[in-house]
Amino acid sequence: MFGFGNGFDKKVSSGPCEKKGIKELDEVSKNKLFDLISGLGRELRFKAAMRFPEPRRTKELAKILEEDISTGYLGYPQETVSFFERELTIEELKRILKVQKTKKFHVNAIETACLFAEPQRTEELKEILELSKTRGDLEAFLSVKVCLGCSYTTDELEDLLRNQEANEWYSNIPKTMELFPEPLRTEKLKKYHEGQLESRDFYVVQAALKFLNLELTVGRLEGFLKKYIEEGDWNKVEEVKKYLDREYKVEELERLLEKLITLKNNHQAHEVIELIGRRFTFNELERLYGDRFAVRSDCSIKRLEEMLGREMTIVELINVLERQLKDFSRSEAMGTARRILDMTE
């Protein structure tokens, strides 16, 4: 990856600056670059580790495997062990499953449990079924039922509803009610939606009214519009506005703009001020951009290379990457890291 091993002994056609940059890297720089890239996420760290010669490559991949297992996402460790030309061991699968249960990744846990041989497979699935019921996890509950080849009962659905209410997993409640047989299904949904009519969420009220075959009054719409303006929720303001047969009032847009500036939501603030039909004041821009307004400069790699009149070397890019990370410029840092990795193919 960083100029050592036979990966950089071959000739490349990327130009003299890049080849010189690779050769300039000493051991300290190589390790520094790997550490910087490792902080930008697993994808780049894995790609960087693959640039090392043996035995360093295997050592770094072993560390990545340990971190992959701790995430609880099965796909990561499966990808890593494929380099070793093997599958995950039973012990590794147990560790992954334990993390998934602890983090309540029940859908992921089902996939992992299915990799075990019987009878452990069924034992693990039954445990996940109970965990999903206790949490009110409808998706996992239904998925594990399919894997076990059995149907759900009305009593189990009642348990799910109680636990969803207790765990405040409200989005799952109507979905669970849909699974009840008639006439219980309609009775439960009717009672549920009647209780949602006083909700402060526009979408919840809208769904309740639709089920009950009622219409949203202008007064309720005006109330929602005022609420979302005060909260600075531009997307919901726009959604509610679709149902009102009138244009925005200037004072409404000004109040919304003020809230967006306070929230430093610069993109939406620009949209709103265009509707108002005026320009920002200096004070508004200062408040909107904060520290970035006083000190703004274009330090993109492209701009720096334009000023240099040449492509940057790896050593120079490492320095830029380090500064970007210190400034919390993550997206720019990821772009620089990818540039470095492309140069070291």
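Throughout this document, residue positions are counted from 1 along each chain, in the order its sequence is written. Given that the model is predicted, a residue must reach a pLDDT of at least 70 before its local features are reported, and side-chain atom pairs must reach 80 or more before they are shown or counted; all residues, however, enter totals for whole chains, interfaces and linings. Hydrogens and waters are ignored; side-chain quantities use all the structure's heavy atoms.

Q: Before we go on, may I ask you to explain the overall build of the protein in this structure?
A: The helix count covers DSSP runs of H or I at least four residues long, the strand count covers runs of E at least two residues long, and both are numbered beginning at the N terminus. The helix and strand tally for the protein stands at 22 helices and 0 strands. Only protein chains enter the accessibility calculation, which uses a 1.4 Å probe. A residue is then buried if its area is under 20% of the maximum for its type, exposed if over 50%, and partly exposed in between. Considering the protein as a whole, with its 345 residues, one finds that 37% of them fall into the buried category. What makes two residues a contact is simply this: any of their non-hydrogen atoms within 4.5 Å. In the protein, the proportion of contacts linking residues at least 24 apart, taken out of those at least 6 apart, comes to 48%. Accessible area of the protein: about 20,200 Å², with a carbon and sulfur share of 52%. What sets the accessible areas is the Shrake-Rupley method with a 1.4 Å probe; for residues, cover comes only from the shown protein chains.

Q: What am I meant to see in the packing of aromatic side chains here?
A: Working definition: a ring pair exists when centres of Phe, Tyr or Trp rings (six-membered ring for Trp) sit within 6.5 Å. Plane angles under 30 degrees give stacked, over 60 give edge-to-face, the rest tilted. Under the defined criterion, the tally for this structure stands at 9 aromatic pairs. Centroid distance Phe224 to Tyr228: 6.1 Å. Interplanar angle 15 degrees. Geometry classified as stacked. Taken together, the residues span about one helical turn, with Phe224 and Tyr228 both in helix α14 (residues 218-231) at a distance of 4 residues. Grouping residues by exposure puts Phe224 and Tyr228 together as buried. Three or more aromatic residues joined by ring pairs make a cluster, and in this case those are Phe202, Tyr203, Phe224, Tyr228 and Tyr243. Geometry around Phe180 places Lys188 over its ring, the cationic atom sitting 5.1 Å from the centre. In this structure, Lys241 packs its charged tip against the face of Tyr248, placed 5.1 Å from the ring centre. Note on geometry: a ring has a charge over it if NZ (lysine) or CZ (arginine) is within 6 Å of the ring centre and within 35 degrees of the ring normal.

Q: Just checking my understanding: could you explain the nonpolar core for this structure?
A: In a soluble, globular protein the nonpolar side chains are often hidden away together inside. In this text, buried Ala, Val, Leu, Ile, Met, Phe, Trp, Tyr and Cys residues form a nonpolar core when linked through side-chain atoms within 4.5 Å. Core analysis: the largest hydrophobic core is formed by 28 residues, its most contacted members being Leu225, Val237, Val240, Leu256, Leu257 and Val272. Elements with a minimum of two residues in this core: α13 (202-212), α14, α15 (234-241), α16 (250-262), α17 (266-276) and α18 (282-289). Residue contacts for Val240: discarding those within four places in its chain leaves Phe202, Leu221, Phe224, Leu225 and Tyr228. Counting 27 residues, the second largest nonpolar core, distinct from the first, contains Val81, Leu97, Val144 and Tyr192.

Q: Explanation requested: the packing of helix α2 (residues 27-38) against helix α21 (residues 314-326) in the structure shown.
A: Between two packed helices, the angle of one axis relative to the other and the distance separating the axes together describe the packing. Packing of α2 against α21 leaves a shortest axis separation of 10 Å and a crossing angle of 40 degrees. When the axis of α2 is compared with that of α21, the two are oblique. Both α2 and α21 take part in a crossing whose hand is left-handed. Where α2 abuts α21, its residues Ser29, Lys32, Leu33, Leu36 and Ile37 lie against Ile314, Ile318, Asn319, Leu321, Glu322 and Leu325. With axes taken as lines fitted to C-alpha atoms, and helix axes fitted only over the stretch in contact, angles between N-to-C directions fall between 0 and 180 degrees. Any angle that falls under 35 degrees is termed roughly parallel, while one over 145 is termed roughly antiparallel, one within 65 to 115 roughly perpendicular, and all others oblique. If you view the pair so one helix is near and one far, a crossing is left-handed when the near helix is turned anticlockwise from the far one by less than a right angle, and right-handed when it is turned clockwise.

Q: Help me understand unusual backbone geometry in this model?
A: Glycine aside, the phi torsion of most residues is negative, and most peptide linkages are trans. Pro119 follows Glu118 through a cis peptide bond whose omega is 5 degrees. You can see Pro119 is positioned in the loop between α7 (106-113) and α8 (120-135). In this structure, the amide linkage connecting Glu182 to the following residue, Pro183, adopts the cis form with an omega of 5 degrees. Within the fold, Pro183 resides in the loop between α11 (172-177) and α12 (184-195). Within the chain, Glu168 stands out as a residue other than glycine whose phi angle is a positive 60 degrees. Residue Asn213 is not a glycine yet carries a positive backbone phi of 60 degrees. Assignment of secondary structure puts Asn213 in the loop between α13 and α14.

Q: It is not clear to me how α13 should be interpreted in this structure. Could you clarify?
A: Since there are 3.6 residues in each turn of an α-helix, residues three or four apart along the chain are aligned in direction. When α13 is considered as a whole, its buried residues turn out to be Phe202, Val205, Ala208, Leu209 and Leu212. The buried side chains of α13 occupy one side of the element, clustering within an arc of 130 degrees when seen end-on. Those residues of α13 hidden inside the fold are in contact with α12, α14 and α15. Where α13 begins, the capping side chain belongs to Asp201, and its oxygen is found 2.9 Å from the backbone nitrogen of Tyr203. After α13 finishes, the residue Asn213 shows a positive phi value of roughly 60 degrees. The arc in question is the one traced by the directions running from the helix axis out to the C-beta atoms. In protein, a polar contact means a hydrogen-donor-capable atom and an acceptor-capable atom, both N or O and within 3.5 Å, with residues adjacent in sequence counting only if both atoms are side-chain atoms; elsewhere, any N or O pair within 3.5 Å suffices.

Q: How should α7 be read in this particular structure?
A: Regarding α7, the residues found buried are His106, Ala109, Ile110, Thr112 and Ala113. The buried residues of α7 all sit within an arc of 165 degrees when viewed along its axis, so they share a single face. The inward-facing, buried residues of α7 contact α6 (90-102), α8 and α9 (138-148).

Q: What should I look at first to understand the state of the cysteines in this one?
A: Disulfide: a covalent bond connecting the sulfur atoms of a pair of cysteines. Here, two cysteine sulfur atoms that lie within 2.5 Å of each other are counted as a disulfide. Overall, the coordinates contain 0 disulfides when judged by the stated rule. With no disulfide partner, Cys114 has as its closest neighbouring cysteine sulfur the one in Cys147, 4.0 Å distant. Overall, Cys114 belongs to the partly exposed group, its relative accessible area being 30%. The closest cysteine sulfur to the non-disulfide-bonded Cys150 is located on Cys147, 9.9 Å from its own sulfur.

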